[in-house]
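As a plain string of letters, each chain reads:
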Amino acid sequence: MTANSNDAPIGVYDSGLGGLTVWREIRRMLPGESLVYLGDGANCPYGSRPREEVRALADAAVSRLVGMGCKMVVVACNTATAAAIDFLREKYADLPIVGMEPAVKPACLATRSGVVGVLATERSLDGELFRRTAARYGSGIEVLTVPGTGFVELVEGDREDTPEAEATVRAAVEPMLARGADQIVLGCTHYPFLTPVLERVVAGRGVAIVDPSPAVARRVAQLLNDCGLRAPADHEPRFTFRTFAGEEYCERLKAKAFSQLRIKN
Ligand SMILES: N[C@H](CCC(=O)O)C(=O)O
């Protein structure tokens, strides 16, 4: 297997478990593609680390995926995308790289109240990518940003459907609802794991929860086509999991990935 050959895998990278929400969508949309999921695990959460540090961590991750022969890399982490996507595209110039887009555009198009809430990590919200996107699509619309403080820890700690999770999510979301938000954008790939709790918090309030991962999977499909990199029809897909943490974390990644899809491991 060589890099850029059609039967090579697509690398999907995140600080931890969160990128599995993107992995799931890519797996659904492109069932014939082999995927290598790299969940750092050793340095998670990234959300309040300095930009330079996140950039170095993302570089190490992409370098590992390239070393494994990946034909494309998906940075399934909003924080790493915000901190490092330009740097990565310049350094790995021959590698097609897909990053996360904050789904501000569809939310601004769909809002009826004119108020959109965005939940993301501190580092994503203060990044240029988010500022540019909000300025471009949010004209005439109030875009409220709230850091999902403690959200990543809940997911990493397998506490995403607990009373503690509900209280944490409620504290972040209530002020948005009070201001009239009718769209809540999940600007961190860990947050879709909190959707059951979020749905309980917004129940009956006419609020849509916007998850960008299906759009990212569509972008992956499009870029594979554009680059002529689709796996051959007879390709037997393989799903591989890697981490910078220990073997136990790798087993967690695997279990969580397959439990979401209800696929036998
Ligand atoms: N899942 C990541 C990173 C969360 C974190 O490590 O703080 C994101 O999309 O931003």
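Residues numbered from 1 in each chain as written. Predicted model: local features only at pLDDT ≥ 70, side-chain atom pairs only at ≥ 80, totals over all residues. Heavy atoms only, no water.

Student: What am I meant to see in the UniProt feature "binding site: substrate" (unreviewed entry) in the chain here?
Tutor: In the numbering used here, UniProt assigns the feature "binding site: substrate" (unreviewed entry) to Asp-14, Ser-15, Tyr-46, Gly-47, Asn-78, Thr-79, Thr-189 and His-190. Despite a sequence span of 177 residues, these residues sit close together in the fold, their greatest C-alpha distance being 12.0 Å. Among the annotated residues just listed, those lining the largest cavity are Asn-78. With respect to the secondary-structure elements, Asn-78 resides in helix H3 (residues 78-91). Its relative accessible area of 7% is what places Asn-78 among the buried residues. (UniProt positions renumbered as here; feature names shortened; annotations may be inferred. 1 Å grid on protein atoms, 1.4 Å probe; cavity = no way out; pocket = protein on both sides within 12 Å on 5 of 7 lines; lining within 4 Å. Helix = DSSP H or I, 4+ residues; strand = E, 2+ residues; numbered from the N terminus. Buried < 20%, exposed > 50% of the residue type's maximum accessible area, 1.4 Å probe, protein only.)

Student: What should I look at first to understand the sheet that holds strand S9 (residues 239-243) in this one?
Tutor: Paired through their backbone hydrogen bonds, the strands of a sheet run either parallel or antiparallel. The strand order S4-S3-S1-S2-S9 describes an open sheet built from five strands, whose pairing is parallel. Only two strands of the sheet have a single partner each, and these edge strands are strand S4 (97-98) and S9. The pairing of strand S1 (residues 10-14) with strand S3 (residues 72-75) spans four bridges and is classified as parallel. Bridged to Gly-11 within S3 is Val-73. Sheet strands touched by helix H1 (residues 20-29): S1, strand S2 (35-39), S3 and S9. Its angle to S2, the strand with the most contacts, is close to 175°. Sheet strands in contact with helix H2 (residues 51-67) are S1, S2, S3 and S9, and its direction is about 155° off that of S1. (Pairing = 2+ DSSP bridges. Contact = heavy atoms within 4.5 Å. Axes fitted to C-alpha atoms, helices over the stretch in contact; angles between N-to-C directions.)

Student: It is not clear to me how the sheet that holds strand S6 (residues 142-147) should be interpreted in this structure. Could you clarify?
Tutor: One open sheet holds the four strands; their spatial order is S6-S5-S7-S8, and the pairing between them is parallel. Looking at the sheet topology across the chains shown, the edges are occupied by S6 and strand S8 (208-210). In this sheet, adjacent strand axes meet at a mean angle of 25° when their direction is disregarded. Taken together, the six bridges between strand S5 (residues 115-120) and S6 define a ladder with parallel strand orientation.

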